[in-house]
Amino acid sequence: ARSKADLLDDRCSQPHKGVRRFERGERYLDLPREIQAAVPDLLRAYVTALGERAPKARDWGIEDAAQRVAGTGSLGRVRIAIVVKTASGEDRIVELKEEGSSSVERLLGPPHVALAPSDRVVAAAHAMTPAPARLLASLPTTSLGRSFIGRTLAPQEDKLDMRSARARGEIDHIVRYAGHLLGSAHACAATRPPAAPWSAADLAQILDQAI
């Protein structure tokens, strides 16, 4: 239900002289100097990876960039949020997220096809969902020597508001439904299912590696 304008307003200050900045605090932090200096190169690499999917992205200008703090899936990794202005004067948020090896490699070993971490994540997103994140692209090599995925944030990716569900006692139903969707997606994407179910020790090892 959130509009694009609300998405921007919830994350950024109101434009000052036409320029937006992320509100520093719990969600957005200043980037280390080395990463801040690399942001223009990273954005150019993302635009190049998009190619003809977003031909007008070549005209994007950077208004601000910050370290994004979101969930626990990226602990210890670089996660960059960039406010860009399009040629038409519209503001958008681009996110670049560093990718590393998968936590299940500790159990299953490396994949049989060698892929850069960001290529692996993008391939999995396309295998598991009919509509991956908007303008999802892989940046397998960058000036920082790290592998990133890029995307643009959209209101359609908002998380579920669990407060109202908790009040109505619907959380168990939602968890079962979401768990079924997630499990089904993984099952559809699996090309080499394990011959035997994973043991509790196997699952614990995956959890330890993920953390």
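Above: the structure in question.
This text gives an overview of the structure that appears in the document. Keep in mind it's a predicted model, so treat the numbers as computed, not measured.

Here we look at the overall build of the chain
Here's step 1: Each helix and strand in the chain was counted, giving seven helices and six strands.
Here's step 2: Dimensions of the chain, computed from the C-alpha atoms along their principal axes, are close to 60 × 45 × 30 Å.
Here's step 3: Buried positions account for 30% of the 211 residues belonging to the chain.
Here's step 4: Sequence separation of at least 24 residues holds for 55% of the intrachain contacts in the chain that already meet a minimum separation of 6.
Here's step 5: On the chain, roughly 13300 Å² of surface is accessible, and the fraction owed to carbon and sulfur atoms is 56%.
Here's step 6: Side chains of the chain carry 30 positive and 26 negative charges; the gap between the two charge centres is 1 Å.

Some points on the environment of Leu29
Here's step 1: Relative to the helices and strands, Leu29 is located in strand β1 (residues 28-29).
Here's step 2: Residue Leu29 is classed as partly exposed on the basis of its relative accessible area, which comes to 40%.
Here's step 3: Considering only alpha carbons, one finds Leu29 and Ala190, 161 residues apart in sequence, at a separation of 37 Å.
Here's step 4: If sequence neighbours within four positions are ignored, Leu29 has contacts with Arg24, Ala66, Gln67 and Val69.

Some points on unusual backbone geometry
Here's step 1: If you check the backbone angles, Leu135 has positive phi at about 50° while not being a glycine.
Here's step 2: Mapped onto the elements of the fold, Leu135 is located in the loop between α4 (117-128) and β5 (137-139).

A short note on the sheet that holds β5
Here's step 1: Taking strand neighbours across the sheet as the criterion, the six strands line up as β1-β2-β3-β4-β6-β5 in an open arrangement whose pairing is antiparallel. Edge strands, defined here as strands with exactly one partner in the open sheet, are β1 and β5.
Here's step 2: Bridge count between strand β4 (residues 91-99) and strand β6 (residues 147-152): six bridges; the pairing is antiparallel. Each residue of the ladder has a partner; that of Glu95, found in β6, is Arg151.
Here's step 3: In the packing of helix α2 (residues 33-50) onto the sheet, contacts are made with β2 (61-68), β3 (79-85), β4, β5 and β6, and the angle to β5 comes to roughly 130°.
Here's step 4: Along the sheet, α4 makes contact with β4, β5 and β6, crossing β6 at roughly 40°.

Focus: α2
Here's step 1: Taking 1.5 Å of rise per residue, the 18 residues of α2 would be expected to cover 26 Å, and the 26 Å separating its terminal C-alpha atoms lies within 8% of that figure.
Here's step 2: Val39 marks the point of greatest bend in α2, at about 45°, and the proline Pro40 comes within the next four residues.
Here's step 3: Where α2 is concerned, the buried positions are Ile35, Ala38, Val39, Leu42, Leu43, Tyr46, Val47 and Leu50.
Here's step 4: Of the residues one or two after α2, Gly51 is the one with positive phi, at around 55°.

The rules behind each value
Residues numbered from 1 in each chain as written. Predicted model: local features only at pLDDT ≥ 70, side-chain atom pairs only at ≥ 80, totals over all residues. Heavy atoms only, no water. Helix = DSSP H or I, 4+ residues; strand = E, 2+ residues; numbered from the N terminus. Buried < 20%, exposed > 50% of the residue type's maximum accessible area, 1.4 Å probe, protein only. Contact = heavy atoms within 4.5 Å. Areas by Shrake-Rupley, 256 points an atom, 1.4 Å probe, with all protein chains shown as cover. Lys, Arg positive; Asp, Glu negative; His and termini not counted. Charge placed at Lys NZ, Arg CZ, Asp CG, Glu CD. Pairing = 2+ DSSP bridges. Axes fitted to C-alpha atoms, helices over the stretch in contact; angles between N-to-C directions. Expected span 1.5 Å × (residues − 1). Bend = angle between axes of the 7 residues up to and from the residue.

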